[in-house]
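# Residue-level structure breakdown
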Amino acid sequence: MSDSESGDAQPLAQAEARIAACEDLDALKAVEREYLGKQGMVAQLLASIPEQPPAERPGVGKRANELKRGVQAAVDSHRDALAGARVDAERRGEGFDASLPPPRPQRGSLHPITQVTRELEDLFQSMGYQVLDGPEVETDYYNFEALNIHADHPARDSHDTFFCEGDGHLVMRTHTSPVQARALEKFEPPLRVVAPGKCFRQESVDASHDHTFHQMEGLVIDRDISVAHLVGAMKTLLRGIFDQDLEVRLRPGYFPFVEPGFELDARCPFCQTGCRVCKRTRWIELLPCGLVHPHVLRHGGLDPNEWGGFAFGLGLSRLVMLRHNIDDIRHLLGGDVRFLEQF
Ligand code: FA5
């Protein structure tokens with residue numbers, strides 16, 4: 001047997017025996033460090049080369065490298081064997097504590113707009129309203145014509161419409177009011193509906209205006225409907241939102257599909273003397289509304305002498321801002337998880 005054969009085999013065989021005897025990963029790591037660590041046997045062998053007689057040096061270097069490769073291979077294969085054994089043991093039920101609590105699942109939460117929408121849907125359903133949905137890509141007819149906003153009507157300018165490609169016949173709906181026109185066609189009166197959803201306007205975006213925002217439309221059709229019914233319904237709506245009875249006032253407002261039309265303001269629920277939210281006026285401008293225009297009733301096939309109604313268009317995005325004291329509407333649909341995690 002040559003020198004090199006006996007000298008190489010012994011330390012490697014010893015190392016392999018010690019590695020094979022390791023019962024866990026910690027023990028294995030310790031043996032690995034002993035041989036392959038910075039101060040380990042292989043490092044010491046290599047460091048001793050300059051002290052060897054020149055003729056011995058290549059042999060020492062070769063032995064050190066063979067030891068290093070052999071130890072590394074034995075460590076890797078034993079590490080795999082230990083991992084496999086652990087999985088097998090867990091499969092047999094060993095080392096598995098069924099009474100430990102599982103890791104907590106990561107839970108999402110509902111978007112604040114969805115939360116308010118669902119609350120209001122529940123409230124209105126409890127008063128006998130149906131919840132309707134309508135298309136976000138809407139025809140010019142339902143978004144404008146059926147609502148008494150004809151092609152040359154100045155009110156179209158205030159809607160800053162996104163037109164879909166083509167002949168201008170399809171638009172991204174600028175409000176939820178087209179659902180009024182659709183509901184009048186589809187259902188027989190008397191009728192009570194709400195329709196929450198997304199709207200789109202080509203606005204210059206700022207802290208209170210976004211290009212995409214949410215509204216909730218309301219429509220009631222019945223006989224002998226008056227402004228008193230409208231005010232009563234709006235007060236109930238506000239009680240549901242703010243959990244208190246708020247004083248309201250109506251100011252004239254112009255919308256071609258209601259007559260008379262109003263802007264409804266509510267007493268600021270946050271202060272007694274004026275605050276930032278109500279801009280020190282103690283009133284919050286909250287929702288446009290009015291009695292359904294006879295032309296709209298006729299478009300829906302109803303006789304205005306027999307039927308009347310009221311409608312409102314609640315700005316849901318602004319309401320959510322008010323409720324959570326959010327100072328910039330762009331947070332709502334900005335998609336920043338850190339913002340959304342607060343709800
Ligand atoms: C309308 O859209 C009418 N369709 C509402 C209506 C319905 C009136 C039924 C009468 C009867 P207006 O353009 O004012 O109206 O918008 C209604 C609400 O939507 C506003 O009060 C505001 O809260 C919200 N809103 C309008 N534009 C934006 C915008 N760019 N970003 C966020 N909210 C907006």
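Source: prediction; values computed, not measured.

Each assigned domain of the protein chain is listed here: domain 1 (3-91) and domain 2 (112-340). Relative placement of domain 1 and domain 2: their C-alpha centres are 77 Å apart.

With the rule as written, the count across this model stands at six aromatic pairs. When the ring of Phe-124 is compared with that of Phe-312, the centres are 5.8 Å apart and the planes differ by 25°; the resulting orientation is stacked. In this pair, Phe-124 sits in helix H5 (residues 112-126) while Phe-312 sits in strand S9 (residues 308-315), placing the two residues 188 residues apart along the sequence. Owing to a relative accessible area of 2%, Phe-312 belongs among the buried residues under this scheme. Plain terms: the ring middles of Tyr-141 and Tyr-142 are 5.1 Å apart, the flat faces sit at 80° to each other, and that makes the pair edge-to-face. With relative accessibility at 14%, the residue Tyr-142 sits in the buried group. Ring pairs connect the aromatic residues Phe-124, Tyr-129 and Phe-312, which therefore count as one cluster. One cation-aromatic arrangement involves Arg-182 over Tyr-142; the distance from NZ or CZ to the ring centre is 4.0 Å. Over the ring of Trp-307 we find Arg-223; its NZ or CZ atom is 4.1 Å from the centre of that ring.

Turning our eyes to something else, we now look at the pairing of strand S5 (residues 212-222). Summarising burial for S5: ten of the eleven residues are buried, a large majority. Here strand S4 (residues 191-200) pairs with S5 via ten bridges, running antiparallel. Bridge pairing in S5 links Arg-192 to Val-220. Pairing geometry for S5 and S9, over eight bridges, is antiparallel. In the strand pairing of S9, Gly-218 is matched with Phe-312.

Surrounding the ligand, one finds 22 residues, the nearest of these being His-175, Ser-177, Arg-201, Glu-203 and Asp-210. Interatomic distance of 2.8 Å between a side-chain N/O atom of His-175 and a nitrogen atom of the ligand. The backbone of Asp-210 places a nitrogen or oxygen atom 2.9 Å from a nitrogen atom of the ligand. Notes on the ligand: free accessible area 670 Å², of which the protein chains cover 91%. Of all the elements in the fold, those that place two or more residues in the shell around the ligand are S5, strand S8 (283-292) and S9. At four residues, S9 tops the list of elements feeding residues into the shell around the ligand. Residue composition of the shell around the ligand, grouped by class: nine nonpolar, eight polar and five charged.

Turning our attention to the side chain of His-159. Residue placement: His-159 occurs in the loop between helix H6 (140-143) and strand S3 (170-172). Taking the relative accessible area as the measure of exposure, His-159 reaches 9% and is therefore buried.

Structurally, the position occupied by Ser-77 is in helix H4 (residues 57-91). Once the C-alpha coordinates of Ser-77 and Arg-156 are considered, the two residues, 79 residues apart in sequence, prove to be 75 Å apart.

On the basis of which strands lie adjacent, the open sheet formed by seven strands has the order S1-S4-S5-S9-S8-S7-S6 and mixed pairing. In this open sheet, the two edge strands, each paired with only one partner strand, are strand S1 (130-131) and strand S6 (248-252). Of the strands in this sheet, S1, S4, S5 and S9 touch H5, which is tilted by about 5° from S5. Each of S6, strand S7 (258-267), S8 and S9 touches helix H8 (residues 227-242); the most contacted strand, S9, lies at about 30° to it.

Mapping Thr-176 onto the fold places it in the loop between S3 and helix H7 (178-186). Within the local environment of Thr-176, its side chain forms a polar contact with the side chain of Glu-217, the two groups lying 2.8 Å apart. Leave out the neighbours within four places in its chain, and Thr-176 touches Ala-195, Pro-196, Gly-197, Cys-199, Gln-215, Met-216 and Glu-217.

Here the focus is H8. Its 16 residues give H8 an end-to-end C-alpha distance of 22 Å, which sits within 8% of 22 Å, the value for a rise of 1.5 Å per residue. Residues of H8 that are buried: Leu-230, Ala-233, Met-234, Leu-237, Leu-238, Ile-241 and Phe-242. Seen along its axis, H8 keeps its buried residues to an arc of 150°; they face one direction. Buried residues in H8 make contact with H5, S6, S7, S8, S9 and helix H10 (316-324). Asp-243 sits one or two residues past H8 and shows a positive phi near 65°.

Here we take up the packing of H5 against H10. With their axes 10 Å apart at the nearest point, H5 and H10 run at an angle of 105° to one another. As summarised for this structure, H5 and H10 are arranged roughly perpendicular, according to the angle between their axes. For the pair formed by H5 and H10, the contact residues are Pro-112, Ile-113, Val-116, Thr-117, Glu-119 and Leu-120 on the first element and Leu-316, Ser-317, Leu-319, Val-320, Arg-323 and His-324 on the second. Residue composition of the contact of H5 with H10, by class: seven nonpolar, three polar and two charged.

Let us look at H7. When H7 is considered as a whole, its buried residues turn out to be Pro-178, Val-179, Gln-180, Ala-181, Ala-183 and Leu-184. Lining the buried residues of H7 we find strand S2 (137-139), H6, S4, S5, helix H9 (294-299) and S9.

What counts, and where the lines are drawn
- Residues numbered from 1 in each chain as written.
- Predicted model: local features only at pLDDT ≥ 70, side-chain atom pairs only at ≥ 80, totals over all residues.
- Heavy atoms only, no water.
- Domains from an automatic or database assignment.
- Phe/Tyr/Trp six-rings, centres within 6.5 Å; stacked < 30°, edge-to-face > 60°.
- Helix = DSSP H or I, 4+ residues; strand = E, 2+ residues; numbered from the N terminus.
- Buried < 20%, exposed > 50% of the residue type's maximum accessible area, 1.4 Å probe, protein only.
- Lys NZ or Arg CZ within 6 Å of the ring centre and 35° of its normal.
- Pairing = 2+ DSSP bridges.
- Near = heavy atom within 4 Å.
- Polar contact = N/O pair within 3.5 Å; in protein donor to acceptor, adjacent residues only side chain to side chain.
- Areas by Shrake-Rupley, 256 points an atom, 1.4 Å probe, with all protein chains shown as cover.
- Nonpolar A, V, L, I, M, F, W, Y, C, P; charged D, E, K, R; others polar.
- Contact = heavy atoms within 4.5 Å.
- Axes fitted to C-alpha atoms, helices over the stretch in contact; angles between N-to-C directions.
- Expected span 1.5 Å × (residues − 1).
- Arc of directions from axis to C-beta.
- Parallel < 35°, antiparallel > 145°, perpendicular 65-115°, else oblique.

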